[in-house]
Amino acid sequence: MAGRGLNLNNFAESFTENASRLGARIQESFSEHTRDLGRGPSSGYFDATEDRIKNIRKHLDSNSDREKLDGLKTLIALISRGRNVSEFFPYVVKNVASQNLEIRKLVYIYLLRYAESEPDLALLSINTFQKDLTDYNPLIRSMALRVLSGINVPMIGNIVVMSVKKCAADTSPYVRKAAAFAVIKCYQMDASHLPSLIPILESLLKDKSPLSIGAVADAFQEVCPTRFDLLHKHYRRLCRMLVDVDAWGQVSLIELLARYARSMLSRPGLVQKEGEQSDFVDPDLQLLLSCCEPLFMSRNPAVVLAAARIFFYLGPDSQRSKIVSPLLRLLHQSAGIERVVLSYLITVIRNSPEAFIPYYSSFLVKTIDSPNVKRDKLRILVMLLSVDNFQALLREFVVYAEDTDHEFVSEAVKAIGRCARVIPDSAPNCLSALMEFIKHGSDAAISSSVLVLKTLVQNHMQNGQSAASTASNSPLRIVGELAARIGEVKHPAARACIIWLVGQYASVPDDQPNQGISGIAMWAPDVLRRVAKTFSSEEPVVKLQLCTLATKLLLLAPDHQTLILLARYVFNLARYDMDYDVRDRARMLGMLLHGVSQEFRLTNGSMDGAEEVVDRGGVVLRREQVKLVLFEGKLQAPEEKISTGGESDILGSLEAVTGRPMSLGSSRRLPDWPDEGTDSSLRDAEEEYPAAPVTSIASRTVGFGSSSKFSSPASRTPVGGPSPQGSFYNNNKTSDANTPKSTWKDLDKFYEDGDEESEEEEEEESEEDEEEETAETKVVEEKDDSDAESDDDDEGPGSESE
Amino acid sequence: MVIDGIIILEASGRPIVQTNFRSKGPAYPLLHIDAFNNALSETQYANLDPVLSVAAHHGPSACCHMECGGLRFLCPVSGDVDPLFAFSFLQTLVEVLHDYVNDISPTSLRDHFDVVYQLLEEMLDNGHPLTTERNTLRDIVLPPSLWSKVLAVAGAPDFSKTSANPFASPLPWRKLGVKYANNEIYFDINESMTAIVNKNGTVLSSQVWGEIDTNCHLSGMPDLLLTFRDTKSLQDCSFHPCVRLQKWSKDKMLSFVPPDGSFVLMEFRYSPVVSGVVSAPRPIPLPFTLTPSITLSENGGVIDLTLTSRLSARVIERIVVELVLGRGVTGASCTVSSGATWGFDPKARRLRWEIQKAPQGASYSLRGTFSATEKPSPARAFQISFDISQNTFSGLKVDQLRVQNEGYKPYKGVRGKSIGDVEWRW
């Protein structure tokens, strides 16, 4: 009894002990979890400590979903922090078949990242995915396909292609979309799959759901960008679908259709109709244009730009102005978008500034704009200068020249100079604005103004326009003004510029009244004197110009004692300068002066101990000759380019935005227009014209026919119907659409007449034709199936928006 | 078109999320993070080029970036991709995240980084945007909610799992089987004005852009027809994909099956019609005038501002006038009229004058001096922002909302609000 009682006692004891332990544990775990609740579920994972990392393996092996999730989240957090966690691969892969969707998703994220490094282990998961491809849930099917195709293990290439093929015929458009993207991945993994991928793409192209067609367009671009023959039948349907496709799909589809149109349709142009010029636009091109026009109303900027690209690169000139307000609308969306759209607008406006002139106020610069935006807006404003708006714009430029950003200030001053050149009427206003800067502006404004004035003065003098300008703004007055301010101008290039101007335009005709030294404008010697004083502290570029100035002045007044002394001073300093260019220049100019001023030569020479003074041999130039050397033959000042963007910038390319060439170069460049568009019956849907291969051949011969028949093979204006061949075959088609033999007969006849060139082509043609024929039969075979399946999707948004 | 991936950085430059760089190798995202942080170390974010060139060993690439909630969203692109594509994807991502975590901040994203990863996995397939409609995403990625947290704590299996029937809706932007006890729909007409005014007070350019934010709680598959009282002054309109464009082009009516929840229904530019002619943008008058006078001296300057409301019926709220005083400015001391406050931010050297409420016709002034160690060169313009609640510049009115397809009559609410940003040169 006692023993029993003891036992019981023991039992009770152990029970209470266990119970209390259990209670403590529950409490513990509960408090831990509530702590989780308080601080949010995942921050703990993100700051995982080493302890936690050690536990990952245990968690992944555990039976509880919660712990597995815990382990996986810690792993993902580590990936986020840039740590390599591939060591856990085997433990993760075990969970790939978990019933918990969240676990599976996290496993997928991990798998996709590390499958490449562990191909053998990755193979373990393949079965699960293949099974998932038959799941009733389209989400699981598409996820399985995405992961399967994303595991970059070439060994399973064939399995993946099979799975893609299966999914391409799925009932859910979401799965078909995943299939289209998987086609790209298969191709990137191993390009040798191409032959089996193209039929998949062909069947996907027939998709009537706007959900998946964008992905198909992407796949087409990536896998077989030049197989336009596959698109003929679908072109018109794709155009009409455009408006219902999602934004990303619209961008891809527009790009594909644009490339198709540029390769297959005839270039829009002008035709003479009843004495009046009118636009000629291929009806199929017009279809694309009118299907793109509503997309200008999209909220997605990439779609708006894609549509603008269509109108800019494919539309006739008369329809180009339609892109103006959609593009301007994008400017106010966000800083990033504004920056990008501005650089595109530069390309557009360079081509057709007129359309944008009324909207110049959209480009006024704000002080809070970023430097790039300021620069681009200014470039655009300069391009939009016109006789009507130059006064408003000039006022703007003057404001910009007071900005705190020095580079922008100098751009603004250049813009004023540009204004003076482009619109002659504005020259007086521009000059007074520039002179105002020199009097009161900031350092940056002063130096740029000098540079701009130099160009203006030079052009003025050379074009002999000085008569047109008013007295206060005559070029010589400007030079005089500049000369007076040499002390205030700090920028070396600007100083050099003034000194050059002074030297170049210092001569005064003898018959004019002049208070200074005869033959020299009164301000010139003073510049020489003032800069000579600071010679040693000047930059080389200023020293060089000062030597030239000294020479020129001496040339104009060879006997003036003070000038000789000044020149001698300058030349002596220059001769022993640190900079060898300055030394060389001084020596050269000194030699030139040999025949000009006896006195200068003597004094100059006497200082030069090392060289012989009088007879150095060679040719000594007379004063008139030296004048010719120094003063004449100046080139017209080069037109300053404000816009630096390349002329070939492509709308919608990264290249146009960053200004740097991208590795792939011009992948966004559209192909050139064909000499002659292909026959439009090519694009008739197959239901209407079963004998498709024949028509394609016929249209090609039309092309040849016109090129051999007409003298200009590259005729850019497509003709509506006057081509005899064209009409001939068209007639043929309508009457004998189902008798291809007769068409063949005509072809043979034609080739007999044709030159040798076309015979080579003929071989290619027939080969292609065979391909097309086989493709065609398949298409016909599969037609029934595709029709049946697409019925499900007819309730889609396509029908909604009718 | 393909983007290379998404990186989300904290303000300190540390990545929170980086994903989808499978084809590029592990160094690629690091290069972009480095390039971005280096560029940022040289200048302020506002002055940073939104498209940075980055040299990677695959060849040149670029990093498009934007800021939201103290986070930087980076989107590297390589090859000749339109950066607008990257920017619109970033914009979409931010909208989706906003839907999932309410306010986007470093803390909220760190708390829910696993959700962000799951979202990005669904939104991007190898760089191609996949599923970006919020209504579809909600079916396949569970938003973090208090309820699921509680369930997780209780250790119970989570029954609020993703919809059993994803991808079932024929409209990607609307879920199937939405049910509300109260059917209601709210339209917020938000308009924002941007303007530039030159020295003598002439308005050089002013534009008003409007946006109709909609919050829709309607059951089933309602087909709505929304008409406005006057649509002539609405220009450059753009719409949510749900809107039938043809109907708008023909009848100027909005016909649509709305997404569930909040979305932007349309955007427009308000352009007043002058005798039936719609021409180039015409300046729209500002609701106030500012008379600035600044005198600069060697060691500072005197500033005298007067701001007068030009509205006759409405109150302008939260008028903030700011001026960067420029290098060398050490301090300022001002007196302002009652109802206003002023401040000087010594770090940004910015003078700030704030008026809480300016009733019709009221006039306010600020007088003061500022001191500097050198001759100051203040920014050439004042930046002024303001709000006018319960009012729009356009005066756009909803005329009628008809519901087809469903039997109920929803409660509808319409609200207007205006904000403005003006650059006023002096």
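Positions within a chain are numbered from 1, following the residues in the order the chain's sequence is written. For naming, the first written chain is A and the first written ligand is 1, with later ones following in the order written. Thresholds applied to this predicted model are a pLDDT of at least 70 for local features of residues and 80 or more for the giving and counting of side-chain atom pairs; totals over whole chains, interfaces and linings are not thresholded and use all residues. To obtain the side-chain values, all non-hydrogen atoms of the structure were included, while hydrogens and water were left out.

(A) Inspection of the overall build of chain A at higher detail. Along chain A, the regular secondary structure elements total 38 helices and two strands. Working rule for contacts: check all heavy atoms of both residues, and any pair within 4.5 Å makes them a contact. For chain A, restricting intrachain contacts to residue pairs at least 6 apart in sequence, the fraction spanning at least 24 positions comes to 67%. Here the open area of atoms and residues is found with the Shrake-Rupley method and a 1.4 Å probe, where only the protein chains shown may cover a residue. Summing over all exposed atoms, chain A offers an accessible surface of approximately 37,100 Å²; the carbon and sulfur share of this is 51%. By definition, any uninterrupted DSSP run of H or I lasting at least four residues is a helix, any uninterrupted run of E lasting at least two residues is a strand, and each is numbered from the N terminus.

(B) Structural detail: the overall build of chain B. Within chain B one finds seven helices and 23 strands. Overall, the C-alpha framework of chain B stretches about 70 × 55 × 50 Å when taken along its three principal axes. Think of it in three bands: with a 1.4 Å probe and only protein chains considered, a residue is buried below 20% of the maximum accessible area for its type, exposed above 50%, and partly exposed in between. Taking all 426 residues of chain B together, the buried fraction comes to 57%. Counting only contacts in chain B whose residues sit at least 6 apart along the sequence, the fraction spanning at least 24 positions is 70%. Here chain B has roughly 17,100 Å² of accessible surface; of this, 50% comes from carbon and sulfur atoms. Seen as two clouds, the 40 positive and the 42 negative side-chain charges of chain B have centres 7 Å apart. Only four residue types enter the charge count, namely Lys and Arg as positive and Asp and Glu as negative; His and the chain termini do not. In plain terms, the charge of a residue is placed at NZ if it is Lys, CZ if Arg, CG if Asp and CD if Glu.

(C) Structural context of the confidence of the model for chain A. When the pLDDT values of chain A are averaged, the result is 74; 70% of them are 70 or greater. pLDDT: the predictor's confidence for each residue, scored from 0 to 100. Segment residues 754-802 of chain A: pLDDT under 50, and 57 contacts once partners within four positions in sequence are set aside and those in other chains are kept.

(D) Region of the structure containing the packing of aromatic side chains. Residues and elements named next belong to chain A. Any two rings among Phe, Tyr and Trp, with Trp reduced to its six-membered ring, count as a pair given centres within 6.5 Å; such a pair is stacked if its planes are under 30 degrees apart, edge-to-face if over 60, and tilted if neither. Under the criterion given, the structure shown has 18 aromatic pairs over all chains. On the basis of an interplanar angle of 55° and a centroid distance of 5.4 Å, the ring pair of Tyr108 and Phe129 is categorised as tilted. Of this pair, Tyr108 sits in helix H6 (residues 101-114) while Phe129 sits in helix H8 (residues 126-132), placing them 21 residues apart in sequence. Accessibility expressed as a relative area gives 3% for Tyr108, which makes it buried. Between the aromatic rings of Tyr400 and Phe408, the centroid separation amounts to 5.5 Å while the plane-to-plane angle is 40°, which identifies the pairing as tilted. Judged by its relative accessible area of 4%, Phe408 is buried. Of the aromatic side chains, those joined through ring pairs into one cluster are Phe89, Tyr110 and Tyr114. We count a charge as sitting over a ring when the NZ of a lysine or the CZ of an arginine lies within 6 Å of the ring centre and within 35 degrees of the ring normal. We note Arg320 situated over the ring of Phe312; from NZ or CZ to the ring centre the distance is 4.6 Å. Just above the ring of Trp500 sits the side chain of Lys454; from NZ or CZ to the centre is 5.5 Å.

(E) Spotlight on the pairing of strand S13 (residues 261-270) of chain B. Residues and elements named next belong to chain B. Of all ten residues in S13, nine are buried; the element is thus mostly enclosed. Two strands pair when backbone bridges link them, and strand S9 (residues 203-217) and S13 are joined in this way by nine bridges, in the antiparallel orientation. In the strand pairing of S13, Thr214 is matched with Phe263. Strand direction decides the pairing type here: strand S11 (residues 234-239) and S13, joined by four bridges, are antiparallel. Think of it this way: DSSP has to see at least two bridges between two strands before they count as a pair.

(F) Looking closely at the packing of helix H29 (residues 561-575) of chain A against helix H30 (residues 580-592) of chain A. All names here are of chain A. Packing of H29 against H30 brings their axes to within 8 Å, and their N-to-C directions diverge by 140°. By the angle class used here, H29 and H30 are oblique. Crossing angle aside, the handedness with which H29 passes H30 is left-handed. Together, Phe571, Ala574 and Arg575 of H29 and Val582, Arg583, Ala586, Arg587, Leu589 and Gly590 of H30 make up the contact between the two elements. Considering only residue class, the contact of H29 with H30 consists of five nonpolar, one polar and three charged. The axes used here are C-alpha line fits, helices contributing only the stretch in contact, and every angle between their N-to-C directions lies in the interval 0 to 180 degrees. With respect to orientation, any angle under 35 degrees is reported as roughly parallel, any angle over 145 as roughly antiparallel, any angle of 65 to 115 as roughly perpendicular, and every other angle as oblique. Rotating anticlockwise by less than a right angle from the far helix to the near helix defines a left-handed crossing, while the corresponding clockwise rotation defines a right-handed one. Under the scheme applied here, ten amino acids are nonpolar (Ala, Val, Leu, Ile, Met, Phe, Trp, Tyr, Cys and Pro), four are charged (Asp, Glu, Lys and Arg), and all others, including Gly, are polar.

(G) Representation of the domain arrangement of chain B in the model. Examined at the domain level, chain B breaks down into domain 1 (7-154), domain 2 (184-191 + 203-282 + 398-412) and domain 3 (288-389). As used throughout, domain bounds are those supplied by an automatic or database domain assignment. Inter-centroid distance (C-alpha atoms) of domain 1 of chain B to domain 2 of chain B is 31 Å.

(H) Focus on unusual backbone geometry. Residues and elements named next belong to chain B. Even without being glycine, Lys252 reaches a positive phi, approximately 55°. Note on placement: Lys252 falls in the loop between helix H7 (245-251) and strand S12 (253-256). For Arg318, which is not glycine, the phi torsion reads 45° and is therefore positive. Structurally, the position occupied by Arg318 is in strand S16 (residues 316-324). Take Arg318: its relative accessible area is 40%, and that puts it in the partly exposed class.

(I) Focus on the interface of chain A and chain B. Facing the 106 residues of chain A at the interface are 93 residues of chain B. The largest share of the area that chain A buries against chain B comes from Trp248(A), Met297(A) and Arg299(A), three residues that together contribute 10% of it. Basic side-chain nitrogens of Lys or Arg form a salt bridge, by our definition, when they fall within 4 Å of a carboxyl oxygen of Asp or Glu. The residue Asp114(B) makes a salt bridge to Lys73(A) at a minimum N-O spacing of 3.1 Å. Of the residues that constitute the side of chain A that touches chain B, the class distribution is 48 nonpolar, 33 polar and 25 charged. By buried area we mean how much accessible surface two parts lose on assembly, using a 1.4 Å probe and totalling the loss over both.

(J) Looking closely at the nonpolar core. Think of a nonpolar core as a cluster: buried Ala, Val, Leu, Ile, Met, Phe, Trp, Tyr and Cys residues, connected wherever their side-chain atoms sit within 4.5 Å. Judged by nonpolar contacts, the single largest core of 270 residues is most densely connected at Leu288(A), Leu345(A), Phe363(A), Phe397(A), Tyr400(A), Ile6(B) and Phe73(B). Top contributing element to this core by residue count: helix H2 (residues 83-101) of chain B, with twelve residues. Each residue touching Leu345(A), except ones within four places of it in the same chain, is listed here: Leu327(A), Leu328(A), Leu331(A), Arg350(A), Phe356(A), Phe363(A) and Ile380(A).

(K) Region of interest: the environment of Ser192(A). All names here are of chain A. Considering the arrangement of structural elements, one finds Ser192 in the loop between helix H11 (173-189) and helix H12 (194-205). On a C-alpha basis, the gap between Ser192 and Asp649 in space is 35 Å, while along the polypeptide they are 457 residues apart. Polar contacts involving the side chain of Ser192 include one to the side chain of Asp190, which spans 2.8 Å. For this analysis, a polar contact is any N or O atom pair within 3.5 Å, provided that within protein one partner can donate a hydrogen and the other can accept it, and provided that sequence-adjacent residues contribute only side-chain to side-chain pairs.

(L) Spatial organisation of the sheet that holds strand S4 (residues 59-68) of chain B. Residues and elements named next belong to chain B. One open sheet holds the five strands; their spatial order is S2-S1-S5-S4-S3, and the pairing between them is antiparallel. At either margin of the open sheet sits one strand with a lone partner, and together these are strand S2 (15-19) and strand S3 (51-56). Between one strand axis and the next, the sheet turns by 20° as a mean value, whatever way the strands run. By the bridge criterion, six bridges tie S3 to S4 in an arrangement that is antiparallel. By the bridge assignment for S4, Ala56 is matched with Gly59.

(M) Seen up close, the packing of helix H20 (residues 371-383) of chain A against helix H22 (residues 406-422) of chain A. All names here are of chain A. Contact geometry of H20 with H22 gives a least axis separation of 10 Å together with a crossing angle of 5°. In terms of axis orientation, H20 runs roughly parallel to H22. Contact residues: Lys374, Arg375, Leu378 and Val382 in H20; Phe408, Glu411, Ala412, Ala415 and Arg418 in H22. Within the contact of H20 with H22, the residues separate by chemical class into five nonpolar, no polar and four charged.

(N) Inspection of the side chain of Thr231(B) at higher detail. All names here are of chain B. Position of Thr231 among the secondary structure elements: in the loop between strand S10 (223-228) and S11. Residue Thr231 is classed as buried on the basis of its relative accessible area of 17%. Discounting chain neighbours no more than four positions away, the residues touching Thr231 are Trp248 and Lys252.

(O) Structural view of the state of the cysteines. All names here are of chain A. Throughout, disulfides are identified as pairs of cysteine sulfur atoms within 2.5 Å of each other. Taken as a whole and judged by the stated rule, the model has zero disulfides over all chains. Between Cys224, a free cysteine, and Cys186, which holds the nearest cysteine sulfur, the sulfur-to-sulfur gap is 14 Å. Left unpaired, Cys547 is separated from the closest cysteine sulfur, that of Cys497, by 17 Å.

(P) Focus on the pairing of S2(B). All names here are of chain B. Counting buried residues along S2, five of its five residues qualify, which places the element largely inside the surrounding structure. Bridge count between strand S1 (residues 6-9) and S2: four bridges; the pairing is antiparallel. Bridged to Ile6 within S2 is Thr19.

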